[in-house]
Amino acid sequence: MTFTSLKEDVQAYLERGTVTDPLVFERLPTLINNAERRIARELKVIGFIIPVTTTLAAGVPVLQKPDRWRDTVSMNFGNGTSNNTRNPVYARSYEYCRRFWPDQTQTGAPRFYADYDYNHWLIAPTPDQDYPVEILYYQIPPLLDDANQTNWLTEYASTLLLYATLLEATPFIKADERIPVWQSFYEQGRESLNSEDMQRIADRSATRSEA
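Residues numbered from 1 in each chain as written. Predicted model: local features only at pLDDT ≥ 70, side-chain atom pairs only at ≥ 80, totals over all residues. Heavy atoms only, no water.

1. A short note on the packing of aromatic side chains
- The final tally for this structure, using the stated rule, is 14 aromatic pairs.
- Here the aromatic rings of tyrosine 113 and tryptophan 121 are separated by 6.5 Å at their centres, their planes lie at 85°, and the arrangement is edge-to-face. No difference in accessibility class separates tyrosine 113 from tryptophan 121, as the two residues are buried.
- Ring pairing ties together the aromatic residues Tyr13, Tyr163, Trp182 and Phe185, which thus form one cluster. (Phe/Tyr/Trp six-rings, centres within 6.5 Å; stacked < 30°, edge-to-face > 60°. Buried < 20%, exposed > 50% of the residue type's maximum accessible area, 1.4 Å probe, protein only.)

Next up, the structure:
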């Protein structure tokens, strides 16, 4: 599936949205993007997990979150020889971090992080030196458009994306009687993807024995 083929599929299902139906045709990219955001908001699957490496800067208690961040999975920093020793930084509430490290001018090895606002984390203690940090986080996939024809959803969850788009489009064209149909298909696809992801987690954590 591509962005272009998705628009064509939606047009066929709705029997609307061709160039001769300009109101719906012009709205299709927005409806698709709304569907992408819906899926990213409602699903936490391995396909949305992105690793990023950056630096905890000495004396700086706040770290900027990556683009399209949605939720944090884990954070760890490196120290020791060649910074190869990995140390977890644990999630805590903002209030906990403030109580634990009330004076940001004091420094130490980072132990905790909290959401400072939507775009930043608060780090406690304030780093006493530059540390390389690895962060795993749930990302909203790069949204589709004419220049960005594919993403994880088009590659691995194309049917779910189609149903989500139809669910977004149906109220717009005032075909409310179809909402329960697309809602049901969407929920089935979502649960199926969730089940597949839970199975991957179980397989990864299982103890395997040699015959």
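2. Digging into the sheet that holds strand S3 (residues 69–79)
- Taking strand neighbours across the sheet as the criterion, the 4 strands line up as S1-S10-S3-S4 in an open arrangement whose pairing is antiparallel. Single-partner strands in this sheet number two, and they are strand S1 (49–56) and strand S4 (85–88). Each neighbouring strand pair of the sheet contributes to a mean axis angle of 30°, computed without reference to strand direction. (Pairing = 2+ DSSP bridges. Helix = DSSP H or I, 4+ residues; strand = E, 2+ residues; numbered from the N terminus. Axes fitted to C-alpha atoms, helices over the stretch in contact; angles between N-to-C directions.)

3. Digging into the packing of helix H2 (residues 22–42) against helix H5 (residues 158–172)
- Relative to each other, H2 and H5 sit at 125°, their axes nearing to 8 Å. In this view, H2 runs oblique relative to H5, as classed from their interaxial angle. Helix-helix and strand crossings are classified by hand; for H2 and H5 the assignment is right-handed. Contacts from Leu23, Val24, Arg27, Leu31, Ile32, Asn34, Ala35, Glu36, Arg38 and Ile39 of H2 reach H5 at Leu160, Leu161, Ala164, Thr165, Leu167, Glu168, Ala169 and Phe172.
- Partitioning the contact of H2 with H5 into residue classes produces 12 nonpolar, 2 polar and 4 charged. (Parallel < 35°, antiparallel > 145°, perpendicular 65-115°, else oblique. Left-handed = near helix turned anticlockwise from the far one by under 90°. Contact = heavy atoms within 4.5 Å. Nonpolar A, V, L, I, M, F, W, Y, C, P; charged D, E, K, R; others polar.)

4. So, the pairing of strand S10 (residues 131–139)
- With 8 bridges connecting them, S1 and S10 associate as antiparallel partners. Its bridge partner lying in S10, isoleucine 50 is registered against tyrosine 137.
- Here S3 runs beside S10; their pairing, made up of 7 bridges, is antiparallel. Bridge pairing in S10 links tryptophan 69 to glutamine 139.

5. Comments concerning the packing of helix H1 (residues 3–14) against H2
- Between H1 and H2, the shortest axis-to-axis distance is 11 Å and the interhelical angle comes to 115°. Comparing the axis directions of H1 and H2 gives the class roughly perpendicular. H1 and H2 meet at a crossing whose hand is right-handed. Every residue of H2 that contacts H1 at Phe3, Leu6, Lys7, Val10 and Gln11 is listed here: Phe25, Leu28, Pro29 and Ile32.
- In the contact of H1 with H2, the residues fall into 7 nonpolar, 1 polar and 1 charged.

Everything listed is a geometric property; what it means functionally is a separate question.
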